[in-house]
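One-letter residues, chain by chain:
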Amino acid sequence: MESMESPAGAGREGARRADARPPGVAGASGGRAVAAVTPALGAAVMATGIVSVGCHTIHADEVSLALLVIACLLWVFLVAVFARRFVVERDRWLAEVRTAASLTGVAGTAVLGVRISLLDLRPLAGALLAVATLAWLVFLPEVLRHLARRVPGVAYLACVSTQSLAVLGATLATVLPTMWPLWPALGLFVLGLALYVLVLTHFDFGQLRTGAGDHWVACGAVSISALAAAKLTTAAAPGSPVDWARPLHPWLRGATLVLLVIALLWYVVIAYWELRNPRPAYDIRRWATVFPLGMTAVAALTTAAATGIAWPERLGRFLLWVSVAVWLLVAVGAGHRVVRGWR
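Being a predicted model, the structure only gives us computed values, none of them experimental.

## Side note on helix 11 (residues 217-235)
Then comes step 1: For helix 11, which comprises 19 residues, the first-to-last C-alpha distance of 26 Å matches the rise-based estimate of 27 Å (1.5 Å per residue) to within 8%.
Then comes step 2: Burial analysis of helix 11 places 18 of its 19 residues in the buried class, the great majority of the element.

Right, here's the structure in full:
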């Protein structure tokens, strides 16, 4: 299999092309800034969206809504950038589609859909599910086709993007008059687990010592799988109107707990290596650190509600505030980088 091109490499190449253009085309600071945008920035939408979901879950509504607004603005900005790139820089767009970072567009859109569904904007959430599914169908085959023998943590987005569709589908199944999204959500959940195993066999475990932030997605992929299982558990509860789903309830409940425990083990292991080999400098891949922190918290909170077990709820609240603190640190680093770039 061919090696996977890094998102940072694609961004540098795009920036070089932008700087090579005649003055007035991309010579301004704004033009260079837009040219430097890579799909990796989509992790900021994922991170901000899932922390917003978590804050809503614990009724920190003001914080949740503020984060939702930021996530929506980022999403609109990225859609505009990559839509323009599709039209005027098709070669670069095609190269970026082959990178695993392109799947942040799928996961970010689906996470926004989950948060928006909590506002009872179900048609909009359904539209985001359709957009995310279409992007997933286009991007995932390209990413898998270019999977390398040794991959960084960003490759786990193959699992994350798939499970994000399962989470949104299962969420809508519990709030819509019809339960039809439940069966594709279940299929996506199983496929997501298979993709996790596939990427795990290619993962470079040295990233735990040297990764710039995206190595945390190894944890986030299991966490979002646990969240998908918890959502399916709720949808398949004994009172579910779907006959075929009810017998699956005990199996889904067991899978939820097992996946949550595995995610927490990953959390501890990666946090240990972070403390042993600190990497304090800002890197855009640190948004891929915030997402698993927030996702693990939300998975724990949702597991408590789905299973009736108390300890994940207490743990989830603590982990959520950890994710909020890390989000603030990364946001400050990103802001400093943007200001320095404009200067």
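## Digging into the packing of aromatic side chains
Then comes step 1: In this structure the tally under the stated criterion is nine aromatic pairs.
Then comes step 2: Consider the rings of Trp93 and Phe139, whose centres lie 6.4 Å apart with planes at 65 degrees: the pair is edge-to-face. Of the two residues, Trp93 is situated in helix 5 (residues 90-97) and Phe139 in helix 7 (residues 122-145); the sequence distance between them amounts to 46 residues.
Then comes step 3: With relative accessibility at 16%, the residue Trp93 sits in the buried group.

## Considerations on the nonpolar core
Then comes step 1: Core analysis: the largest hydrophobic core is formed by 108 residues, its most contacted members being Val160, Phe189, Trp266, Trp287 and Phe291.
Then comes step 2: A per-element tally of this core places helix 11 first, with twelve residues.
Then comes step 3: Val160 has contacts with Met46, Ala107, Val217, Gly220, Ala221, Ile224 and Phe291, leaving out every residue within four places of it along the chain.

## Focus: the packing of helix 4 (residues 61-88) against helix 6 (residues 104-117)
Two quantities define a packed helix pair, namely the angle between the helix axes and the distance between the axes.
Then comes step 1: Between helix 4 and helix 6, the least distance of the axes is 11 Å, while the angle of their chain directions is 145 degrees. In this structure, helix 4 crosses over helix 6, and the sense of that crossing is left-handed. Across the interface between the two elements, Ser64, Leu65, Leu68, Ala71, Cys72 and Trp75 from helix 4 touch Thr109, Leu112 and Arg115 from helix 6.
Then comes step 2: For the contact of helix 4 with helix 6, the class distribution of residues is six nonpolar, two polar and one charged.

What counts and what doesn't
Residues numbered from 1 in each chain as written. Predicted model: local features only at pLDDT ≥ 70, side-chain atom pairs only at ≥ 80, totals over all residues. Heavy atoms only, no water. Helix = DSSP H or I, 4+ residues; strand = E, 2+ residues; numbered from the N terminus. Expected span 1.5 Å × (residues − 1). Buried < 20%, exposed > 50% of the residue type's maximum accessible area, 1.4 Å probe, protein only. Phe/Tyr/Trp six-rings, centres within 6.5 Å; stacked < 30°, edge-to-face > 60°. Core = buried A, V, L, I, M, F, W, Y, C linked by side-chain atoms within 4.5 Å. Contact = heavy atoms within 4.5 Å. Axes fitted to C-alpha atoms, helices over the stretch in contact; angles between N-to-C directions. Left-handed = near helix turned anticlockwise from the far one by under 90°. Nonpolar A, V, L, I, M, F, W, Y, C, P; charged D, E, K, R; others polar.

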